[in-house]
Amino acid sequence: MTARSGIGIDVHPLVAGRPLILGGFIVPFEKGLAGHSDGDVLIHAVIDAVLGGAGLGDIGSHFPSTDARYKGIASAVMLREVLRLANNSGWKTTYVDATIVAERPMLSPFMGQIKAALAQSLDAGPDGLNLKAKTTDGLGFLGRGEGIAALAIATLERT
Ligand code: MG
């Protein structure tokens, strides 16, 4: 097999007193995502997608939230480590498609910067990443702004 895909999903609560980091970019907002790491829900979904495609388990098995070493860690650092692990297993990530689900803040003004930051961490060219933002039209915990979710699918090719 020369190509495989993996999926990822993540959700984090929005809380006061934290920066909102998506794809490694700090989005101006009065709340941020809680989490053991920097709470970057987008990168966490991408990490699980890459690990899935490489057949390497999930983010929790590589970066346990009980491990003090990963407290406050930049998720972009975790992503780089996961890309390295996938490469060592013979899989190069060639394409990622991801969706952020957030009612607030309105992400459209920042999508270019979020995409550029994530593309840099992925080592992806302009054609290697697609990024989308959705709301739930006010429905559910995401619609009430209690958190932000992200979904991702990664394509990996044999090196
Ligand atoms: Mg997470």
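Description of the overall build of the chain
For the chain, the helix and strand inventory stands at five helices and seven strands. In terms of C-alpha radius of gyration, the chain reaches 15 Å, essentially the compact-globule figure of 15 Å for 159 residues. Here the C-alpha coordinates of the chain stretch approximately 45 × 35 × 25 Å along the principal axes. Within the chain, the proportion of its 159 residues that are buried is 45%. Contacts in the chain between residues at least 24 apart in sequence constitute 72% of all its contacts with a sequence separation of at least 6.

Things to note about the sheet that holds strand β6 (residues 129–134)
Backbone-to-backbone hydrogen bonds join strands into a sheet, with any given pair of strands oriented parallel or antiparallel. Taken in spatial order, the five strands line up as β4-β1-β7-β5-β6 in an open sheet, and their pairing is mixed. A strand with exactly one partner marks an edge of an open sheet, and here the two such strands are β4 (31–33) and β6. Between one strand axis and the next, the sheet turns through 25 degrees on average, direction left out of account. Pairing analysis gives three bridges linking strand β1 (residues 3–16) to β4, with the strands arranged antiparallel. Counted as the bridge partner of Ala16 is Lys31 from β4. With respect to the sheet, helix α4 (residues 111–122) is in contact with β5 (91–101) and β6, its orientation differing from that of β6 by roughly 140 degrees.

Regarding the pattern of salt bridges
A side chain with one charge can pair with a side chain of the opposite charge if their charged atoms come near. Enumeration over the complete set of coordinates arrives at five salt bridges. Taking the shortest distance from any N to any O, the salt bridge between Arg84 and Glu81 comes out at 2.8 Å. Of this pair, Arg84 and Glu81 are both found in helix α3 (residues 75–88), three residues apart, which corresponds to roughly one turn of the helix. On the basis of relative accessibility, which here comes to 42%, the residue Arg84 falls in the partly exposed class. Lys132 is paired through a salt bridge with Asp97; the nearest N and O atoms lie 2.8 Å apart. Separated by 35 residues along the polypeptide, Lys132 in strand β6 and Asp97 in strand β5 bring together distant segments of the chain. Looking at Lys132, the relative accessible area reads 31%, which means it is partly exposed.

Quick word on the layout of surface pockets
Roughly 190 Å³ of volume is contained in the largest pocket. Forming the boundary of the largest pocket are 14 residues, of which Ser37, His44, Ile59, Phe63 and Met78 lie nearest the centre. Those elements giving two or more residues to the lining of the largest pocket turn out to be β1 and α1 (41–54). It is β1 that provides the largest number of residues to the lining of the largest pocket, a total of three residues. Classifying every residue of the lining of the largest pocket by side-chain character gives seven nonpolar, five polar and two charged.

Focus on the coordination of the magnesium ion
Only Asp10 (OD), His12 (NE2) and His44 (ND1) from the protein coordinate the magnesium ion, and they sit 2.0 to 2.2 Å from it. All donor residues of the magnesium ion come from one chain, and their arrangement in sequence is D-x1-H-x31-H. With a gap of 34 residues between them, Asp10 in strand β1 and His44 in helix α1 connect regions that are remote in the sequence. Across the pair, His44 and Asp10 agree in class, each one buried.

The rules behind these values
Residues numbered from 1 in each chain as written. Predicted model: local features only at pLDDT ≥ 70, side-chain atom pairs only at ≥ 80, totals over all residues. Heavy atoms only, no water. Helix = DSSP H or I, 4+ residues; strand = E, 2+ residues; numbered from the N terminus. Rg over C-alpha atoms; globule rule 2.2 N^0.38 Å. Buried < 20%, exposed > 50% of the residue type's maximum accessible area, 1.4 Å probe, protein only. Contact = heavy atoms within 4.5 Å. Pairing = 2+ DSSP bridges. Axes fitted to C-alpha atoms, helices over the stretch in contact; angles between N-to-C directions. Salt bridge = Lys/Arg side-chain N within 4 Å of Asp/Glu carboxyl O. 1 Å grid on protein atoms, 1.4 Å probe; cavity = no way out; pocket = protein on both sides within 12 Å on 5 of 7 lines; lining within 4 Å. Points joined across faces, edges and corners; volume = space filled by probe spheres on them. Nonpolar A, V, L, I, M, F, W, Y, C, P; charged D, E, K, R; others polar. Donors = N, O, S within 2.8 Å, 3.2 Å for Na, K, Ca; no water.

Read these as spatial facts, not as claims about activity.
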